[in-house]
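# Per-entry structural report
Residues per chain are reported as follows:
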Amino acid sequence: MAELIAKSPCEGLVPATIGGMSLTEEHPGAMWTVAPFKGQQEALSKALETAHGMAFPAVNRATGKAGSRAVWFGRGMALLMGLAPDAKLAKHAALTDQSDAWAVVRLEGAGAEDVLARLVPVDLRSQVFKRGHTARTELKHMMASVTRTGPQAFQIMVFRSMAKTLVHDLKTAMEAVAARG
């Protein structure tokens with residue numbers, strides 16, 4: 001019988017440091033989609049605040065902090081990261097475990113915005129896309145979630161099956177930006 005070995009989505013692909021920028025894998029732990037039932041978003045937000053200290057995020061925003069964050073994840077949906085949802089949230093929303101479904105990386109350093117400008121059709125400059133802003137968007141040819149987590153840092157998520165492509169595309173763009181300097 002074959003022995004299966006658990007691996008993270010980006011195992012063996014990162015870390016990478018190119019031109020003062022770094023690409024690392026993040027391990028957010030539990031990840032759950034939270035989709036409020038009709039008319040329940042306000043009650044859900046209050047329950048989320050009581051249970052986990054963060055509100056349900058507004059469109060294109062993230063709440064919470066590193067380690068436990070709620071990220072806007074599309075119309076009427078958020079992704080709760082870093083902790084399992086309190087059971088009381090099920091009264092207000094559909095909850096679905098997504099913990100093994102996503103590859104999550106962190107791109108940071110001077111030039112990170114320029115790297116993403118080559119891959120994402122969204123203005124991610126700091127004067128427009130501030131810390132706590134998030135977007136569901138295309139990253140080259142993949143659908144992704146991009147969240148600014150610091151002045152020169154982004155959390156990027158794609159489906160787990162696209163991890164190798166994500167890392168390849170980001171490294172290629174990092175090399176191009178570094179070559180300009």
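Given the structure is predicted, the values throughout are model-derived calculations rather than measurements. Note that residues are indexed from 1 along each chain, following the sequence as it is written. The predicted nature of this model means local features are confined to residues of pLDDT at least 70 and side-chain atom pairs, given and counted, to a pLDDT of 80 or more, with totals for whole chains, interfaces and linings taken over all residues. Neither water nor hydrogens contribute to the side-chain values; these are computed over all heavy atoms in the structure.

Cis geometry marks the peptide bond from Val14 to Pro15, where omega comes out at 20 degrees. A positive phi angle, close to 60 degrees, is found at Asn60, a residue other than glycine. Note on exposure labels: buried denotes an accessible area under 20% of the residue type's maximum, exposed denotes more than 50%, and partly exposed covers the range between, all computed with a 1.4 Å probe on protein chains only. For Asn60, a relative accessible area of 30% corresponds to the partly exposed category. We note that Lys140 has phi near 55 degrees; this positive angle belongs to a residue other than glycine. One can find Lys140 in the loop between strand 9 (134-139) and strand 10 (142-150). Lys140 sits in the partly exposed class, given a relative accessible area of 47%. Runs of E in the DSSP output that reach at least two residues are strands. Runs of H or I that reach at least four are helices, and both are numbered from the N terminus.

What follows deals with the packing of aromatic side chains. Note on aromatic contacts: the rings of Phe and Tyr and the six-membered ring of Trp form a pair at centre separations within 6.5 Å, being stacked when their planes are under 30 degrees apart, edge-to-face when over 60 apart, and tilted otherwise. Across all of its chains, the model carries two aromatic pairs by this definition. When the centroid spacing of 5.1 Å and the interplanar angle of 75 degrees are considered together, the rings of Phe73 and Trp102 count as edge-to-face. In this pair, Phe73 is assigned in strand 5 (residues 68-74) and Trp102 in strand 8 (residues 102-108), connecting sequence segments 29 residues apart. Residue classification places Phe73 among the buried positions, given a relative accessible area of 6%. Assessed through its relative accessible area of 6%, Trp102 is described here as buried. Taken together, Phe73, Trp102 and Phe159 form an aromatic cluster joined through their ring pairs.

The nonpolar side chains of soluble globular proteins are, as a tendency, buried together. Membership of the largest hydrophobic core comes to 31 residues, with the highest contact counts inside it found for Leu23, Leu107, Leu116, Leu139, Ile156 and Leu170. Elements supplying a minimum of two residues to this core: strand 1 (16-18), strand 2 (21-25), strand 8, helix 2 (112-117), strand 9, strand 10, strand 11 (153-159) and helix 3 (163-180). If near-sequence neighbours (up to four positions away) are discounted, Ile156 is found in contact with Ala103, Val104, Val105, Leu107, Leu116, Leu139, Ser145, Leu166 and Leu170. Of all hydrophobic cores here, the second largest spans twelve residues; its members include Leu48, Phe56, Ala70 and Leu89. Working definition of a nonpolar core: buried Ala, Val, Leu, Ile, Met, Phe, Trp, Tyr and Cys residues. They are joined through side-chain atoms within 4.5 Å. Note on definitions: a residue-residue contact is assigned when non-hydrogen atoms from the two residues lie within 4.5 Å.

Reading across from one edge, 4-5-6-3-7 is the order of the five strands in this open sheet, with antiparallel pairing throughout. Lying at the two open borders of the sheet, with one neighbouring strand each, are strand 4 (62-65) and strand 7 (93-97). Ignoring strand direction, the axes of neighbouring strands in this sheet form an average angle of 20 degrees. Of the pairings in the sheet, the one linking strand 3 (residues 31-36) to strand 7 comprises five bridges and is antiparallel in character. Paired with Ala35 across the strands is Ala94, a residue of strand 7. Orientation is described by axes fitted as lines to C-alpha atoms, over the contacting stretch for helices, and by angles from 0 to 180 degrees between their N-to-C directions. Along the sheet, helix 1 (residues 41-52) makes contact with strand 3, strand 6 (77-81) and strand 7, crossing strand 3 at roughly 145 degrees. What makes two strands pair is DSSP finding at least two bridges between them.

For the rest of this paragraph, the subject is the environment of Gly181. Looking at the element boundaries, Gly181 is found in the segment after helix 3. Each C-alpha atom of the pair Gly181 and Gly19 lies 8.2 Å from the other, and the pair is 162 residues apart in sequence.

Now for helix 3. A helix is expected to span 1.5 Å multiplied by its residue count minus one. Spanning 18 residues, helix 3 covers 26 Å between terminal C-alpha atoms, matching the ideal 26 Å at 1.5 Å per step. Among all positions of helix 3, only Ala163, Leu166, Val167, Asp169, Leu170, Ala173, Met174 and Val177 are buried. Seen along its axis, helix 3 keeps its buried residues to an arc of 165 degrees; they face one direction. Set apart from the buried face of helix 3 by more than 90 degrees, the exposed residues are Lys164 and Ala179. Note that the arc is defined by the directions from the helix axis to the C-beta atoms.

Our focus in this paragraph is helix 1. Between its first and last C-alpha atoms helix 1 spans 16 Å; for twelve residues at 1.5 Å apiece the expected length is 16 Å, and the two agree. In the segment just after helix 1, Gly53 is the residue with positive phi, at about 75 degrees.

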